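# A closer look at the structure
Each chain, written out:
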Amino acid sequence: MKTLIITTCIVFFFLISFAQTSDLKNPVPSDRQLEWNKMEYYFFVHFGPNTFTDLEWGKGTEHEEVFDPSQLDCRQWCRIAKAAGAEGIIITAKHHDGFCLWPSKYSTHTVRESKWRNGKGDVLKELSEACKEYGLKFGVYLSPWDRNHPKYGTPEYNDVFVNMMKEIVTNYGPLFEFWWDGANGEGPNGKKQIYDWHRFEKTMRDLSPQTVVFSDIGPDIRWVGNENGIAGDPNWNLLDTAGFKRGEGAPPNDTLNHGNAYGKNWIPAECDVSIRPGWFYHQQEDGKVKTPETLFDLYLKSIGRGAHLILNVPPDRRGLINEHDSINLIGFKKLRDQSFNTNLSIKAKPYFLGQDGRRLAPALNDNNTNTFESIELTKFEPAEIIFEKDQPVNCIILKENLIKGQYCARFHMMLRNEKGELVKRIDGTTIGRKKIITFPAINISKIGIVIDDQKANTSMAEIEAYHIDDQLVEHLP
Ligand code: FUL
């Protein structure tokens, strides 16, 4: 008996310590990442001398006077962002040409040296205030590569960059996100800068712990490996960063696109893409603004694969979002509203078959990702959504609660009609924050889900069903 008790205790402690080690190996989102996870789509604003010189990468030698928007109105940007359903705006406070959209004490190449508003203008001030007024979050892109700054290429430039970050956070915060470009070209003295990323990171954490920081490899958000706005499938929120650097030393694009299933850090992907071919406004691209349908397709391939979408909408030379862009942005919003306003699952009955038998499972259709069912690997369908009668469905959205980590690696759905006949089987990979699956419409009354491969029990938060415009599904690019 004694031996049995001792053996049981050893096994018990072994199991506990195993559980703890595996927990350690399983990264989870930080509070700041969870907060950001509540958002999904925001604007990127590329604006500066390039807007006026028709360049994408300014040389840094442009005279400050070229920056002269005739009707700059950040409230107009915010009005459009709001109407387009975006949740925030991130602006290029300084692009590679080094021009600062705020009167920085640490540069002589700023709005202060321009003629715009007699050198008294401050785009960051105006935009941060307008964002507050319109209930939008505000964020900043600050290029470390600086083709103008005389200190670039020397250790003192790292002080300049740190001081600029301090200025921005102190004068224009709170910032929801800070965007670091990995670009590292030559400066005016022909030298490249050795960036002190460790110090930059510490500065941001000390100054503004709630801000999520983006770069190729995080620390909080990773680049998705392309500038087309397309996340990988599968898409893991995890990434191994050891041995990698920002810029040229970054992990392969394919790795950034998919993440690492067993990655050691929680660093989800953000998809950056421009509504136009270029990042900055060029009049000759007015006819090439992405259509509402193309934007909707991007929505499915970014947010619909568990990533975030940062959509670049560059103001024109007036300092306004151009009509060509705003019309398509509103069209994009309409498509999303028409498609996703009626979740058919809300009126359906959710069931869960677990160890305690089959029971109703309101967590699966309560439109609340904090509640979930923990799903094991099974041969049968443990989670089901049952409609009163057959109805057309061509889109299903799944959501995983991520607080304890991302677990589902492979699942399949069995879609059946009233007669119990299998109409369609759909196989999928990761779920994550949001997985949108579209297919030609079929009449069904039951959605059953099976998890086929997972790292631990999947926390299934929502199973939503929609019948979106058939044409939209059929004609997606
Ligand atoms: C890149 C830059 O070189 C582009 O000009 C643009 O700002 C894009 C978002 O990031 O690295």
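Residues numbered from 1 in each chain as written. Predicted model: local features only at pLDDT ≥ 70, side-chain atom pairs only at ≥ 80, totals over all residues. Heavy atoms only, no water.

## Some words on the site of the ligand
Residues in close proximity to the ligand include Phe44, His46, Trp57, His95, His96, Tyr141, Asp181, Glu227, Asp272 and Trp279, which together make up its full environment. His95 is positioned such that a nitrogen or oxygen atom in its side chain is 2.9 Å from an oxygen atom of the ligand. Contact between the ligand and Asp181: an oxygen atom at 2.8 Å from a side-chain N or O atom of the residue. Here the ligand, which alone exposes 290 Å², has 89% of that area covered by the protein. Its residues placed into classes, the shell around the ligand shows 4 nonpolar, 3 polar and 3 charged. (Near = heavy atom within 4 Å. Polar contact = N/O pair within 3.5 Å; in protein donor to acceptor, adjacent residues only side chain to side chain. Areas by Shrake-Rupley, 256 points an atom, 1.4 Å probe, with all protein chains shown as cover. Nonpolar A, V, L, I, M, F, W, Y, C, P; charged D, E, K, R; others polar.)

## Some words on empty space enclosed by the protein
The probe, sized like a water molecule, is rolled over the atoms to show the empty space still left. Within this structure, the stated rule accounts for 2 cavities of 30 Å³ or more. Of the pockets and cavities examined, the largest cavity occupies roughly 50 Å³. Along its surface, the largest cavity is lined by Pro29, Gln33, Leu34, Trp36, Asn37, Asn237, Trp266, Pro268 and Leu402. Examining the composition of the lining of the largest cavity, we find that 4 residues originate from one element, helix α2 (residues 31-37), more than from any other. When its residues are assigned to classes, the lining of the largest cavity shows 6 nonpolar, 3 polar and no charged. Approximately 30 Å³ is the volume attributed to the second largest cavity. Lining the second largest cavity, in full, are Phe47, Gly48, Pro49, Thr92, Ala93, Lys94, His95, Asp97 and Phe99. (1 Å grid on protein atoms, 1.4 Å probe; cavity = no way out; pocket = protein on both sides within 12 Å on 5 of 7 lines; lining within 4 Å. Points joined across faces, edges and corners; volume = space filled by probe spheres on them. Helix = DSSP H or I, 4+ residues; strand = E, 2+ residues; numbered from the N terminus.)

## Some thoughts on unusual backbone geometry
Of note, the amide linkage connecting Gly173 to Pro174 takes the cis form, showing an omega dihedral of 0°. Mapped onto the fold, Pro174 is located in the loop between α6 (156-172) and β4 (177-180). One non-glycine residue with positive phi stands out, namely Asn118, at about 50°.

## Quick look at the domain arrangement of the protein chain
As far as domains go, the protein chain holds domain 1 (31-340) and domain 2 (344-474). With centres defined by C-alpha atoms, the gap from domain 1 to domain 2 works out at 35 Å. Across the boundary between the two partners, domain 1 contributes 26 residues, which contact 21 residues of domain 2. Both sides of the domain 1 and domain 2 interface together cover about 1,900 Å² of buried area, and 61% of this is carbon and sulfur. If you sort the residues of domain 1 by the area they bury against domain 2, Trp236, Trp266 and Phe340 come out on top, with a joint share of 26%. Seen at the junction of domain 1 and domain 2, the total is 3 salt bridges. Summed over the shared surface of domain 1 and domain 2, the result is 13 residue pairs in polar contact (both at pLDDT 80 or more). (Domains from an automatic or database assignment. Contact = heavy atoms within 4.5 Å. Buried area = accessible area lost by both parts, 1.4 Å probe. Salt bridge = Lys/Arg side-chain N within 4 Å of Asp/Glu carboxyl O.)

## Describing the nonpolar core
Ranked by size, the top nonpolar core spans 77 residues in total, and within it Phe43 and Trp77 carry the most contacts. Considering every element that reaches this core, the biggest residue donor is α6, with 9 residues. Residues in contact with Trp77, not counting those within four places in the same chain, are Phe43, Val45, Phe47, Leu72, Ile89, Ile91, Val123, Leu127, Pro315, Gly319, Leu320 and Ile321. Core analysis: the next-biggest nonpolar cluster, separate from the first, contains 28 residues, Leu344, Phe411, Leu415 and Phe439 among them. (Core = buried A, V, L, I, M, F, W, Y, C linked by side-chain atoms within 4.5 Å. Buried < 20%, exposed > 50% of the residue type's maximum accessible area, 1.4 Å probe, protein only.)

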